[in-house]
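Notes for the structure review
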Amino acid sequence: MGDFERTLAVIKPDAMKHKDTIIRRIMDAGFVIVQSRIVRLTAEQASEFYRSKQTHPNYHALIVALSEGPILAMCISKERAVAEFLWLIGPERYQDAVKNAPLSLRAMFADSHDELRNAVHGSEDKNSARYEIHFFFPTLLLEPIFNEHKLNNYLCAMVNPVLMQGLYAMAKERPKNPVIWLSNWLLLNNPYKPMITSIHTEPLYDVIAKQDLTSGERNLSTGNLIGAQSQCDCCEYKDNGICSCSLSVIAEDT
């Protein structure tokens with residue numbers, strides 16, 4: 001058994017009247033709907049979404065078909081989700097779907113008179129799925145979802161040993177509020193928390209404010225400038241000893 005994948009499913013404007021039936025078919029096929037939203041794309045947004053199809057002979061017609069009304073975008077999950085959903089929706093052309101996959105979503109819900117209005121969109125591969133999911137759900141995390149066997153291995157190797165130590169320590173301590181005590185113990189004894197060390201850093205630039213300097217002092221104040229700043233030949237550097245063309249960060253004493 002493989003790991004769970006995520007892919008994007010879009011019910012297009014021409015099939016929104018069938019969305020409840022299509023959703024039921026998707027769930028009956030074993031997919032889990034992770035997140036969904038109904039939106040209406042502008043022509044510019046549809047163009048960005050279909051950017052990989054710019055060489056398609058009907059590229060502009062595709063944009064019109066996707067942006068002519070509301071759509072339902074769904075992030076769905078299953079083992080081999082990309083390939084499984086492409087099989088569920090069937091071939092792109094309605095005639096091919098009816099002939100070769102008569103039970104597919106496109107065979108059942110696509111417009112028989114317009115092959116561009118083919119009811120449903122699915123990501124073509126894993127890379128496309130990541131881009132398209134982020135297009136509609138930019139804050140959704142797309143980390144791998146392990147199958148049951150890998151989850152059990154992870155728990156046995158990484159979680160259970162630490163948890164058992166905490167439970168043993170709690171049994172010896174016998175606290176009044178065991179849940180709070182155990183949560184605090186796990187926070188303090190987490191072996192995987194990042195180690196933070198304090199590092200003393202010197203200011204990148206030792207610059208004195210220009211308005212506090214006399215013209216004679218300006219030349220002395222530039223002795224500690226480092227890096228590309230000290231090599232600058234612009235007029236401001238020559239005149240004032242301080243240049244703003246590449247100076248992005250100044251460490252100031254308060």
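Residues numbered from 1 in each chain as written. Predicted model: local features only at pLDDT ≥ 70, side-chain atom pairs only at ≥ 80, totals over all residues. Heavy atoms only, no water.

Under the annotation held in an unreviewed UniProt entry, the protein carries the name Nucleoside diphosphate kinase-like domain-containing protein and is attributed to Aedes aegypti. Looking at the protein in UniProt, the text filed under Sequence similarities (unreviewed entry) is "Belongs to the NDK family." (UniProt positions renumbered as here; feature names shortened; annotations may be inferred.)

A word on the side chain of Ser 67. As for its placement among the helices and strands, Ser 67 is situated in helix α3 (residues 59-67). If sequence neighbours within four positions are ignored, Ser 67 has contacts with Arg 40, Leu 41, Thr 42, Ala 43 and Ala 46. (Helix = DSSP H or I, 4+ residues; strand = E, 2+ residues; numbered from the N terminus. Contact = heavy atoms within 4.5 Å.)

Within the open sheet, the four strands sit side by side as β2-β3-β1-β4. Their pairing is antiparallel. Across the chains shown, the open sheet's two edge strands, defined by having one partner strand only, are β2 (32-39) and β4 (120-122). In this sheet, adjacent strand axes meet at a mean angle of 20° when their direction is disregarded. The pairing of β2 with strand β3 (residues 71-79) spans seven bridges and is antiparallel. If you follow Val 39 over to β3, its bridge partner there is Ile 71. Helix α4 (residues 81-89) contacts β1 (4-11), β3 and β4 of the sheet and is inclined by roughly 35° relative to β1. Each of β1, β2, β3 and β4 is contacted by helix α7 (residues 126-136), which is oriented at about 60° to β1, the strand it contacts most. (Pairing = 2+ DSSP bridges. Axes fitted to C-alpha atoms, helices over the stretch in contact; angles between N-to-C directions.)

What follows deals with the nonpolar core. In this structure, Ile 11, Ile 22, Ile 26, Met 74, Phe 85 and Leu 105 are the most contacted members of the largest nonpolar core, which totals 20 residues. Elements supplying a minimum of two residues to this core: β1, α1 (19-28), β3, α4 and α6 (105-109). At four residues, α4 tops the list of elements feeding residues into this core. Membership of the second largest hydrophobic core comes to 19 residues, among which are Val 39, Ala 46, Leu 116 and Phe 136. (Core = buried A, V, L, I, M, F, W, Y, C linked by side-chain atoms within 4.5 Å. Buried < 20%, exposed > 50% of the residue type's maximum accessible area, 1.4 Å probe, protein only.)

For the structure on display, the rule yields ten salt bridges. A salt bridge links Glu 124 to Lys 53, with the shortest nitrogen-to-oxygen separation between them at 3.1 Å. In this pair, Glu 124 is assigned in the loop between β4 and α7 and Lys 53 in the loop between α2 (43-49) and α3, connecting sequence segments 71 residues apart. For Arg 93, the salt bridge is made with Glu 115, and the minimal N-O distance between the two is 3.1 Å. Here Glu 115 lies in the loop between α6 and β4 and Arg 93 lies in the loop between α4 and α5 (94-100), a separation of 22 residues in the sequence. Arg 93 gets classed as partly exposed once you look at its relative accessible area, which sits at 37%. On the basis of relative accessible area, Glu 115 is assigned to the partly exposed category, the value being 37%. (Salt bridge = Lys/Arg side-chain N within 4 Å of Asp/Glu carboxyl O.)

What follows deals with α4. By the burial criterion, the buried members of α4 are Ala 81, Val 82, Phe 85, Leu 88 and Ile 89. Angularly, the buried residues of α4 cover 130° about the axis, an arc narrow enough to put them on a single face. Once α4 ends, the next one or two residues include Gly 90, with phi positive near 85°. (Arc of directions from axis to C-beta.)

What follows is about unusual backbone geometry. If you check the backbone angles, Ala 119 has positive phi at about 75° while not being a glycine. Mapping Ala 119 onto the fold places it in the loop between α6 and β4. Even without glycine at this site, Arg 174 takes up a positive phi of about 50°. With respect to the helices, strands and loops of the structure, Arg 174 is situated in the loop between α8 (148-173) and α9 (178-188). Judged by relative accessible area, which is 71%, Arg 174 ranks as exposed.

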